[in-house]
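These are the residues of each chain, in order.
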Amino acid sequence: MLTMSEPATVPDPNAPASALEADLVRRARRGDLAAYDELVKRYQERIYATIYHMTGNHEDANDLAQESFIKAFAALKSFKGGSSFYTWLYRIAVNKTINFLKQRRNKHHLSLNDLDFNAEHDPDLVALISEKTPTRDVSLSELQKKLNEALLKLSEPHRMVVVLHDVQGVSHEEIAEIVGCNIGTVRSRLFYARQQLQGYLADYLKT
Amino acid sequence: MSEKNDNFDDLKHLLKLKRHEIPPPGYFNGFSSDVMARIRAGDTGRSESLLERLQEGSDFWGNLVHLLRVKPGIIGALATTACLFLLASVLMLDHSESDQADTLAMTAPPTPMITFTDTAADPAAATPTLALNPPDAGITVSTNPMSSLQPVSSMFGSSDNPLFQPVGYVPASQ
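Scope of this entry: the structure provided in the associated data block. (Residues numbered from 1 in each chain as written. Chains lettered and ligands numbered in written order. Predicted model: local features only at pLDDT ≥ 70, side-chain atom pairs only at ≥ 80, totals over all residues.)

Structural notes on the overall build of chain B
Next, step 1: Regarding its fold elements, chain B presents 6 helices and 0 strands.
Next, step 2: Each helix (α) and strand (β) of chain B, taken in turn from the N terminus, gives the series α-α-α-α-α-α.
Next, step 3: Here chain B holds 174 residues, and 9% of them are scored as buried.
Next, step 4: Counting contacts in chain B only where the partners sit at least 6 residues apart, residues at least 24 apart contribute 48% of the total. (Helix = DSSP H or I, 4+ residues; strand = E, 2+ residues; numbered from the N terminus. Buried ≥ 20, exposed ≤ 12 C-beta atoms within 10 Å, placed from the backbone. Contact = placed C-beta atoms within 7 Å.)

Quick word on the nonpolar core
Residues and elements named next belong to chain A.
Next, step 1: Within the largest apolar cluster, 59 residues are counted, with the highest numbers of intra-cluster contacts made by Ile 51 and Leu 89.
Next, step 2: Per element, the largest residue contribution to this core is 12 residues, and it comes from helix α2 (residues 33-55).
Next, step 3: In terms of domain composition, this core takes at least three residues from each of domain 1 (12-112) and domain 2 (114-207).
Next, step 4: Those residues in contact with Ile 51 that lie beyond four places of it in its chain are Ala 61, Leu 64, Ala 65, Ala 93 and Thr 97. (Core = buried A, V, L, I, M, F, W, Y, C linked by C-beta atoms within 7 Å. Domains from an automatic or database assignment.)

Some details on the packing of helix α4 (residues 85-104) of chain A against helix α8 (residues 172-179) of chain A
Residues and elements named next belong to chain A.
Next, step 1: The geometry of α4 relative to α8 is characterised by a closest axis approach of 8 Å and an angle of 55° between their N-to-C directions. The orientation of α4 with respect to α8, classified from their angle, is oblique. Here the hand of the crossing between α4 and α8 comes out right-handed. From α4, Thr 87, Tyr 90, Arg 91 and Val 94 reach across to α8, where they touch Glu 174, Glu 177, Ile 178 and Val 179.
Next, step 2: Taken together, the residues of the contact of α4 with α8 sort by class into 4 nonpolar, 1 polar and 3 charged. (Axes fitted to C-alpha atoms, helices over the stretch in contact; angles between N-to-C directions. Parallel < 35°, antiparallel > 145°, perpendicular 65-115°, else oblique. Left-handed = near helix turned anticlockwise from the far one by under 90°. Nonpolar A, V, L, I, M, F, W, Y, C, P; charged D, E, K, R; others polar.)

This is how it looks when you write it as structure tokens:
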């Protein structure tokens, strides 16, 4: 039986974020949809972005992100609290995405949206384009296309590690927990994936 | 393999480009409400495989499934081990059965299930008696066909037996 709200607990604004999250999780486990709505809002962008960088498609990312949150709510009872809710949620999203990509294999389609306005003003990217690339007239959109093509050439476990670490900024330890392997494996996958990417993008990375 | 020694700086900068691939503003305005609406409607997500359910069931099963997924060779190794184990079990069972049968055939002489007493020596006991094996002998099973053969005479007696009468046919008209 789902309930919409639980007025008994009022979150303390001075409480640390983890305590607030634990409270939200506890309430959501009891069927409090308002609490779960808060959790969805907290993580929707990060979960969405990870899935999007893996699939390269906004529609698939939207569907899979929604599925992940729905699945997580249904499975909240089995959440023991051994890891953080955020790690557990990521794990569900990662598994869903990898399963989806396996089913979609050989049906590659890439429909990337335009970059946001800030990309043209990112100092790192400006420097990269103006100084590092051999063809100085390379555009951001072309670079984006090549980058995504290179990423899609990686295996799913390798792409996942690069996306989580180099794009999303997730730590090695957290990735190990999310993906379910040890830190050494995360590091070696990251190294291998970067090597592969460097090879694929050699023309755009020459000094 | 340390990150400092490897020159991936350019690549890392290039990968930052991915951070700018974000949906347009307002994209997430209705996201959580869509999720909530689906939960209220009783949606539990699309049907999923047993593997997927196991993954979220517990850490142990999740790790196992993940391991099998990342290293599919393990599945082959496990399957090969299981097949070898099964084959070895069948061979051992077969071997032990034949050994047991040979041992029984060598140690236990064949004993007829039904014996007839010697009527010549004791006419009073001219009825067939069922001589069962002693209880401690148990049930003996042998795959050796020779060990279970009984002499014909032991089953029907000899011509001295009064119960043994030759069959003769005399036509009624004579």
